[in-house]
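Understanding the architecture of this molecule
Letter by letter, the chains look like this.
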Amino acid sequence: MSSLIGPASFKIFGFFPAAVLSVLIPVVGVGLFAYIMARRLAPLVRAAPDNRLNRIPERIKNLLVLWLAQYRQPRYRTAGILHIVIFAGFLVLSIRSTSLVLVGVSDGFVLPGFDGVIGHIYNFFKDYAATAVFVACVVAAVRRGIIKPKRYSVPVQYGKDHTAEAVFVLGIICTLMISESLFEASNAAFEMAQTGHSEFLAPLSLGWIFRGMLMDLSQSTLQGLHITMFFVHDLTFFFFLCFLPMGKHFHVITSFFNVFFMRVDKGNIKPVQYGVTDEELDELESFGVKKLEDFTWKHMLDFYSCADCGRCSDQCPANAAGRPLSPRFITIKARDLMFDNYPMSGDIYKSKMLVEDIYTEDEIWSCTTCGACEQECPLGIEYIDKMVDLRRGMVDEGMVPQSLQKPLKALEKRGNPYGTMEKKRADWAKDKEFAAECAVKDLGNGDTADTLFFVDSITSFDDNIQEIARRTSKILTKAGVDFGILGKAEKDSGNEVVRFGEEMLYQDLKSHNTEEIMASGVKSIVTADPHAYNALKNDYTGLPPVRHISEVIAEKIRSGALMLKPALHPEKVYVYHDPCYLGRHNDVYEDPREALDAIDGLTRVELEKSRDRSFCCGGGGLMLFFEPEEEIRMGVLRVNMAAEAGANVIVTACPFCLVNIQDAIKVAGQEGKIEALDLTELIEEHLA
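Residues numbered from 1 in each chain as written. Predicted model: local features only at pLDDT ≥ 70, side-chain atom pairs only at ≥ 80, totals over all residues. Heavy atoms only, no water.

**Section: the sheet that holds strand β7 (residues 546–548)**
- The strand order across the open sheet built from five strands is β3-β5-β4-β6-β7, with neighbouring strands paired in parallel fashion. Both outer strands of the open sheet, β3 (441–442) and β7, are each paired with one neighbouring strand and no more.
- Pairing of strand β6 (residues 524–527) with β7, which is carried by three bridges, proceeds in the parallel orientation. Residue pairing in the sheet places valine 526 in a bridge with arginine 547 of β7.
- Here helix α20 (residues 466–478) sits on the sheet and contacts β4 (451–453), β5 (483–485) and β6; the angle it forms with β4, its principal contact strand, is near 160°. (Pairing = 2+ DSSP bridges. Helix = DSSP H or I, 4+ residues; strand = E, 2+ residues; numbered from the N terminus. Contact = heavy atoms within 4.5 Å. Axes fitted to C-alpha atoms, helices over the stretch in contact; angles between N-to-C directions.)

**Some points on the packing of helix α4 (residues 117–147) against helix α5 (residues 163–195)**
- Across the interface, α4 lies against α5 with an axial gap of 9 Å and an inter-helix angle of 155°. Taken together, α4 and α5 sit at an angle that is classed as roughly antiparallel. Crossing of α4 over α5 shows left-handed handedness. Seen from α4, the contacting residues are Asn123, Lys126, Asp127, Ala130, Val133, Phe134, Cys137, Val138, Ala140, Ala141, Arg144 and Gly145; seen from α5, they are Thr163, Ala166, Val167, Leu170, Ile173, Cys174, Met177, Ile178, Glu180, Ser181 and Glu184.
- Grouping the amino acids of the contact of α4 with α5 by side-chain chemistry returns 14 nonpolar, four polar and five charged. (Parallel < 35°, antiparallel > 145°, perpendicular 65-115°, else oblique. Left-handed = near helix turned anticlockwise from the far one by under 90°. Nonpolar A, V, L, I, M, F, W, Y, C, P; charged D, E, K, R; others polar.)

**Topic: the environment of valine 546**
- With respect to the element layout, valine 546 can be found in strand β7.
- Under the relative-accessibility criterion, valine 546 is labelled buried at 13%.
- Spatially, the C-alpha atoms of valine 546 and alanine 532 are 9.7 Å apart, while their sequence positions differ by 14 residues. (Buried < 20%, exposed > 50% of the residue type's maximum accessible area, 1.4 Å probe, protein only.)

**Let's talk about the domain arrangement of the chain**
- What the domain assignment reports for the chain is domain 1 (11–246), domain 2 (271–396), domain 3 (416–559) and domain 4 (573–685).
- Taken together, the eleven residues of domain 2 in the interface contact nine residues of domain 3.
- Buried area between domain 2 and domain 3, both sides added, is near 850 Å², and the carbon and sulfur share of it is 62%.
- Of all residues in domain 2, the largest losses of buried area upon contact with domain 3 belong to Asp278, Arg392 and Val395, amounting jointly to 41% of the total for that side.
- Taken together, the links from domain 2 to domain 3 amount to two salt bridges.
- Remark: the boundary between domain 2 and domain 3 carries four residue pairs in polar contact (both at pLDDT 80 or more). (Domains from an automatic or database assignment. Buried area = accessible area lost by both parts, 1.4 Å probe. Salt bridge = Lys/Arg side-chain N within 4 Å of Asp/Glu carboxyl O. Polar contact = N/O pair within 3.5 Å; in protein donor to acceptor, adjacent residues only side chain to side chain.)

**Some remarks on the packing of α20 against helix α24 (residues 549–559)**
- Contact pair α20 / α24: the axes reach a minimum separation of 11 Å and the direction vectors enclose 30°. When the axis of α20 is compared with that of α24, the two are roughly parallel. The handedness of the crossing between α20 and α24 comes out as left-handed. When α20 is examined against α24, the residues Thr472, Ile475 and Leu476 are found in contact with a partner set consisting of Ile549, Val552 and Ile553.
- By residue class, the composition of the contact of α20 with α24 is five nonpolar, one polar and no charged.

**Brief notes about unusual backbone geometry**
- Despite not being glycine, lysine 148 has its phi angle at roughly 55°, a positive value.
- Relative to the helices and strands, lysine 148 is located in the loop between α4 and α5.
- The phi angle at aspartate 308 is positive, at roughly 60°, despite the residue not being glycine.

**A look at the packing of aromatic side chains**
- Under the counting rule described, the total for this entry stands at 25 aromatic pairs.
- Taking the centre distance of 6.2 Å and the plane angle of 20° together, the rings of phenylalanine 124 and phenylalanine 200 count as stacked. Remark: phenylalanine 200 occurs in the loop between α5 and α6 (206–214) and phenylalanine 124 occurs in helix α4; sequence separation between them is 76 residues.
- Geometrically, the ring pair formed by tyrosine 418 and phenylalanine 625 is edge-to-face, given 5.7 Å between the ring centres and 65° between the ring planes. Linking tyrosine 418 in the loop between α17 (402–414) and α18 (432–437) with phenylalanine 625 in the loop between β9 (603–605) and α26 (634–644), this pair joins segments that are 207 residues apart in sequence.
- Under the relative-accessibility criterion, tyrosine 418 is labelled partly exposed at 32%.
- On the accessibility criterion, phenylalanine 625 (22% relative accessible area) is partly exposed. (Phe/Tyr/Trp six-rings, centres within 6.5 Å; stacked < 30°, edge-to-face > 60°.)

**A short note on the nonpolar core**
- Formed by 193 residues in total, the largest nonpolar core has its most connected members in Leu354, Trp428, Phe453, Ile517, Ile553, Val651 and Ile683.
- When residues in this core are grouped by element, the largest group, twelve residues, is from α5.
- Excluding residues within four positions of it along the chain, isoleucine 517 makes contact with Leu452, Phe454, Leu486, Val522, Ile525, Leu536, Leu543 and Pro544.
- The next biggest cluster of nonpolar side chains, apart from the first, holds five residues, and it includes Val272, Val276, Leu281 and Leu284. (Core = buried A, V, L, I, M, F, W, Y, C linked by side-chain atoms within 4.5 Å.)

**Let's talk about the pairing of strand β10 (residues 649–652)**
- Burial along β10 is two-sided: the face carrying Val649 and Val651 and the face carrying Ile650 and Thr652 are both buried.
- Pairing analysis gives four bridges linking β10 to strand β11 (residues 675–678), with the strands arranged parallel. Its bridge partner being in β11, threonine 652 is matched across the sheet by aspartate 678.
- Between the parallel elements β10 and β11, the chain passes through helix α27 (residues 655–667) in a crossover that is right-handed. (Right-handed = clockwise from strand over helix to strand, strands pointing away.)

**Section: the state of the cysteines**
- Per the stated rule, a full pass over the model turns up zero disulfides.
- Not engaged in a disulfide, the cysteine cysteine 370 finds its nearest cysteine sulfur in cysteine 580; these two sulfurs lie 4.7 Å apart.
- Its relative accessible area of 6% is what places cysteine 370 among the buried residues.
- Residue cysteine 654 stays outside any disulfide, its sulfur separated by 3.8 Å from that of cysteine 657, the closest cysteine.
- Here cysteine 654 falls in the buried class, since its relative accessible area comes to 1%. (Disulfide = S-S within 2.5 Å.)

Next up, the structure:
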C-alpha cells in the first residue's frame, strides 16, 4: 500500500528534518550492525578449521527441512507452534520491513512487482502475519515470564536467568508489529476521511482493528501518528538488528548458517584436526580442545546459535539422572566466554584451559554420547564432537578418571578393557553343549566364510553376556548364513575408546581390526553389539557392509528363512528399549520391532521415550567402567518407565543395555516383577 502521508512529506519531525532522519537511521543502524558483526566474527576467524563445504545438496535439504519448515519445533508442541508462527511471520514481514525503510527515502515506494495484484495479495497475508506474530509473542511472553516451564530455569551454578532478555525481545517484536499496523491503519483512516474509502485491510487483523479505532481522529493527528509510527518502526527495527548479536537471540541471524553447515552424517566422530591424516597424528603437538580457539569455527557458530530453549538438557539422560552435566550450559558458558574474551571494543583476552575455567572434569566425563541432545536441537547444534574433543584435550593433559585408567591400560595391553588374555576371546564358542549344536568357524585360524560375526569385547568376555554370542550364532546358523569369527585376532572395536578421547589407542585398535577383517576375505559383517556396529560402520573406512543382527533377523523372517513359533509366554507384556547406538545414531528402529511382532501372540507396548527419543541406559563412552556422580541411575529411570508402560519384560538389542538394565532392575526393587533380555534370546527360543 502506498502512503498518502509518507514521512518524506514532513520537513520536520521534532527537531530533525524528516528526510535526513529517514536516511540517518538506516545508515547508522547498518554501520553499527556491521561493526558488531565484525567483532562477533573475530573468534571464528581464529578458530580451528572445519570441513563444511561438502555435500551441498544434503545441506540444502537440511536447510529446507529444519530451518525453513521448522521440522523439529513441534516436538515441543506449544513452544514449537509459537515459534513457527513467529518465524513464518518474520519471513513474510521481512519484505514489508525492507520496503518501510525505503519509504523513508522515497515517499510511496513500492517494491518492484508489488504495485498490482501481487501487492494486494501480499498485503492480505502480511496483515494476518503481523497479527499472528503479535498474538504469539504475547502468549510466549506469558509462558516465559509467568508460567516459566522448568526447562527454561537456570540453576545457580550455571549463571543468570535469561527470562528478562526473552520477554524484552518479545516486547520489541510486539512493538514492530504494532507500529507497522498503526502506520498502515493511520494511512487507511486518513484516506477514508478524505475519499470515503481506503485500500482493503484484512478483517480482524491488527491494521483492521486499529483503523476502526482511529476513524474519529483528526487528519492532522492521523498524519502525526503515521510519521511517528514510521520512525518508531524504523528505530525499533535497527535497534533489534544490533541487539540480536549481543545475547541469546543471536540465533535469529546465525541459525540459517548453522543449519546449513550442520553435520550430515550420524554416528561418526570428527577427526582430531581437519586436514591431518591418521598417519600424521604423531606429528601434532597437542590433541583435542583445551582453550576456546581450539574449537572449530562451526562449533563456535553453535555457541552463537543456541536459542536457550533447554530442549537438549530436557532430553539429556545425564541431566535427568542428576549428573553435573547440562548440554544447554555447555553451549551457554562457551558463548558467554566468547562474549567476554572478544568484547565489543578493546583487546582480545587470552584464553585459559577450558576445563579449569568454565567446565569441570566431572561435567565432561558425565556424557554418555547418546546423542539425545543433538537429535532434539532444532538448530543443528552439535555436542558429541565437542565433548570428545574436550576429552581428547583432557587425556592429552593426563586428566583421566581413576576408575578408567585400569580398563584403558588393559585395552592397550590386551585389546579389551577386562585385561583377559587374547586367546580366551573365543572361549564362549567352546562350551561343550553349544559346540555340539553349533560349530563356529575361526577365521583367525585360516577358516573361510562369507560373513564375519564381529563379537567385540563385552560379548566375548562378560560371562553373562556371552550367551548373546552363542544365541546370535544359532540364529545365523538357522538362517543359513555362512559365518565365522576372528577369534583371538579380534580386538575391541574402539567405539568407546575414541569417544573417551584416547585417540592413539583407538587408531591402533582400528588399524589392527581393519587389517584382520580385510585379510579374512569376508563379504559382509554382522554384530549383535550396536557399539561395534556403529564403529565398524561409521568410524572405520573401507570395510564390507556392516549389519546388526536385528536387521538380519528381520530380513530372514521376511524371506521365510527364519520361522518363529507362537509366543511361549503370551501372558507377559514386552517393551522394546531402543539402544542409542542402534537407533538414534544409525536409524535402526523398525527391524527389532518387526522381529518381535513376528512372534504370534506376543503382546508389545511402547515406552513414552522411544525411537529417536529413547532414554540412554547409561552405558555409552566407557561408562560401564566409570563411577559418575549422580542422584539416580539412568538404568533405574528406564526401568521405572517400563513399569509405568505396564511392561514386565524389557527387550533390548545391546549387551551394554542388557547389563545396565539388569542391574537397574535390582536397584529399583523390581526383581521378580520385571525382567530384561536380549532380542537374540527371545528370537532363539522362538525358532521353529
